[in-house]
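# What the coordinates show
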Amino acid sequence: MSIPTSQETRLSWSEVSARRLERHALSAPARDARPADVVAVMCGAHAQVLSAAELSIGLRISGLTRTDVHQALWSERSLVKTFGPRGTVHLLPAGDLPMWTGALSALPSSTSSHTKNARMTPEQTDEVVAAIAVALRDAELTADELSEAVVAATGPWAGDLVMPAFQGMWPRWRQALSTAANRGALCFGPNRGRKTTYTSPQRWLPGFRPAGEAGALAGVVRHYLHAYGPTTPAQFAQWLGAPRRWASELFASLAGELQRVEVDGDTAWLAAGDTAMPSAPPRGVRLLPYFDAYSVGCHPRERLFPGRAAERALSGGQAGTFPVLLVDGTVAGVWHLRRSGRRLDITVEPFTPLAAARLQELDEQVERVGEFLEGVPRLTIGTVTVGAHA
């Protein structure tokens, strides 16, 4: 990729780390911010484990409670639970949903991982998405209820049990679930007991529709560079779940909006003019839960997960599968929480011994976790024996 630049800014990893911590509200929790505000900056909170997404948000806002996050999601509707980057479940700001759906629906189609007999044609996918949009227009439906509506609208082929899932098989149409979300036809509704429900974002966001492709993609690039920059097209592609060549072409198309910088000798990119760095070095001890946006979105991995951290806190190179202890912006341990009623047993495994001042900061983080989760925490420094999250 060739993007012209008149002057190259040189940055250190320490400066970059301090900048990211500050923008993620991890150097100090934000005050007077709403959940949707910090989720917007994070480019979404990974919600495969919803309680972890809630904690990710809670640790970034001073005094926030779990009830506040629930209200933002299910009462205020300022957050939306849907499929986001990498096809995974995320909480996204409702105000940014047009941008996200416009961008995600514009990503190149990936090769299907399903067998030939299970795959749907593009025409069948369009038909299923249209059926989903109609079924959810004025309803909140469980997966079984939505399946009945889709099969009735499209035909028996959509209900063929051809997709391996957990201990059974799912109907064919479900492979289009994330596509329907990316096109703005579907999002998650509140659980009905233990059952997940789906609905249309248009019920909660009158007038909602995906933004135009070019503007939406440019917006996502700007958001990512703000929170995770400096970065490269390849790193952006990995985070978004998109082809590297496509990402390089996207960055090249935005040449006038980007600025090349050098980070300890490596070339990366920022939004033009957004090169201000904090004057203080990265500081602070933080406990980040499963799939926290900082752990997943920051690159290069070898900087964020140095030495022992790469062996202990990554799973096949994948970040987020372990909750991590962050010290001065770098992964320096793993941790685990086990709940029994109001009791929260928190085990932290630092990779190197922590000085007294750092142990005090860790105690404060443990207290904050307990406050947010409305429990009584107890800290143990020791070995974490729980494996990586799938």
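So, here is what we can say about the structure in this document. The residue numbers shown here count from 1 along each chain, following its written sequence. The model is predicted, so local features are restricted to residues of pLDDT at least 70 and side-chain atom pairs to those at 80 or more, both for listing and for counting; the totals for chains, interfaces and linings are taken over all residues. Note that the side-chain values use all heavy atoms of the structure and ignore hydrogens as well as water.

Further remarks concern the packing of helix α10 (residues 233-240) against helix α11 (residues 244-253). Lines fitted to C-alpha atoms define the axes, with helix axes restricted to the stretch in contact, and inter-axis angles between N-to-C directions lie between 0 and 180 degrees. Here a helix means four or more residues in a row that DSSP labels H or I, a strand means two or more in a row labelled E, and each is numbered from the N terminus. Contact pair α10 / α11: the axes reach a minimum separation of 8 Å and the direction vectors enclose 120°. Here α10 lies oblique to α11, going by the angle between them. Regarding α10 and α11, the two cross each other, and that crossing is right-handed. Contacts between α10 and α11 involve Pro-233, Ala-234, Phe-236, Ala-237 and Leu-240 from the former and Arg-244, Trp-246, Ala-247, Ser-248, Leu-250 and Phe-251 from the latter. As a working rule, the residues Ala, Val, Leu, Ile, Met, Phe, Trp, Tyr, Cys and Pro are called nonpolar, Asp, Glu, Lys and Arg charged, and the rest polar, with Gly in that last group. Class assignment for the residues of the contact of α10 with α11 results in nine nonpolar, one polar and one charged. For this classification, under 35 degrees means roughly parallel, over 145 means roughly antiparallel, 65 to 115 means roughly perpendicular, and everything else is oblique. Helix crossings fall into two classes, left-handed where the near helix is turned counterclockwise from the far one by less than a right angle and right-handed where it is turned clockwise. Whether two residues are in contact is decided by their heavy atoms: any pair within 4.5 Å suffices.

On to empty space enclosed by the protein. Here a cavity denotes a set of grid points, spaced 1 Å apart and computed over the protein atoms alone, in which a 1.4 Å probe fits but from which it cannot get out, and a pocket denotes an open set meeting protein on both sides within 12 Å along at least five of seven lines; residues with an atom within 4 Å of a point are reported as lining. Grid points are joined across faces, edges and corners, and a volume is the space filled by probe spheres set on the points. Overall, the coordinates contain one cavity of 30 Å³ or more when judged by the stated rule. The wall of the largest cavity is formed by Met-42, Cys-43, Gly-44, His-46, Arg-86, His-90, Tyr-228, Trp-239, Ala-293, Val-296 and Gly-297. Ranked by the residues each element gives to the lining of the largest cavity, the list is headed by helix α12 (residues 293-297), at three residues. For the lining of the largest cavity, the per-class residue count stands at six nonpolar, four polar and one charged.

Inspection of the secondary structure puts Ser-109 in the loop between α5 (97-104) and α6 (122-136). A C-alpha to C-alpha distance of 46 Å links Ser-109 and Arg-342, two positions 233 residues apart in sequence.

Turning to unusual backbone geometry, a few remarks are in order. Between Gly-229 and Pro-230 the backbone carries a cis peptide bond, its omega angle lying at 0°. With respect to the secondary-structure elements, Pro-230 resides in the loop between α9 (213-228) and α10. The omega torsion of the bond from His-299 to Pro-300 falls at 0°, within 30 degrees of zero and hence cis. In this structure, Pro-300 sits in the loop between α12 and α13 (301-304). Even without being a glycine, Cys-43 presents a positive backbone phi close to 65°. Summarising the element assignment, Cys-43 is placed in the loop between α2 (35-42) and β2 (45-46). Even without being a glycine, Arg-86 presents a positive backbone phi close to 65°. Following the sequence through the fold, Arg-86 ends up in the loop between β3 (79-83) and β4 (89-93).

Here we come to the sheet that holds strand β1 (residues 9-11). Paired strands, as defined in this entry, are two strands with at least two bridges between them according to DSSP. Sheet architecture is open: three strands sit in the order β1-β10-β11, paired in mixed fashion. Edge strands, defined here as strands with exactly one partner in the open sheet, are β1 and β11 (266-271). Averaged over neighbouring strand pairs, the angle between their axes works out to 40° when direction is ignored. Note: β1 against strand β10 (residues 258-263), three bridges, orientation parallel. Across the sheet, residue Thr-9 finds its bridge partner in β10, namely Val-261. Against the sheet, helix α1 (residues 13-23) touches β1, β10 and β11, its axis set at about 85° to β1.

Here we come to the pattern of salt bridges. For salt bridges, the criterion is a side-chain nitrogen of Lys or Arg within 4 Å of an Asp or Glu carboxyl oxygen. Within the structure shown, the criterion is met by 22 salt bridges. A salt bridge links Glu-54 to Arg-66, with the shortest nitrogen-to-oxygen separation between them at 2.6 Å. Here Glu-54, found in helix α3 (residues 50-58), pairs with Arg-66, found in helix α4 (residues 66-74); they are 12 residues apart in sequence, far enough to count as distant. For every residue, the accessible area obtained with a 1.4 Å probe (protein chains only) is divided by the maximum for its type, and the residue is called buried under 20%, exposed over 50%, and partly exposed between those limits. By relative accessible area, Arg-66 is classed as partly exposed at 23%. The closest approach of N and O atoms between Arg-308 and Glu-311, which form a salt bridge, is 3.8 Å. Of this pair, Arg-308 and Glu-311 both sit in helix α14 (residues 308-313), three residues apart, which is roughly one turn of that helix. Look at Glu-311 and you get exposed, because its relative accessible area is 61%. Within the structure, one salt-bridge network assembled from shared partners comprises Arg-283, Asp-328, Arg-358 and Glu-361.

Think of an α-helix as 3.6 residues a turn; residues three or four steps apart then line up on the same face. In terms of burial, α5 is a largely internal element, seven of the eight residues being buried. Along α5, the residues that are buried comprise Leu-97, Met-99, Trp-100, Thr-101, Gly-102, Ala-103 and Leu-104. Buried positions along α5 lie against β3, β4, α8 (177-182), α9 and α10.

The next point concerns the packing of α5 against α9. With their axes 8 Å apart at the nearest point, α5 and α9 run at an angle of 110° to one another. Looking at the two axes, α5 sits roughly perpendicular to α9. Along its contact with α5, which presents Met-99, Trp-100, Gly-102 and Ala-103, the element α9 presents Glu-213, Ala-216, Leu-217, Gly-219, Val-220 and His-223. Classifying every residue of the contact of α5 with α9 gives six nonpolar, three polar and one charged.

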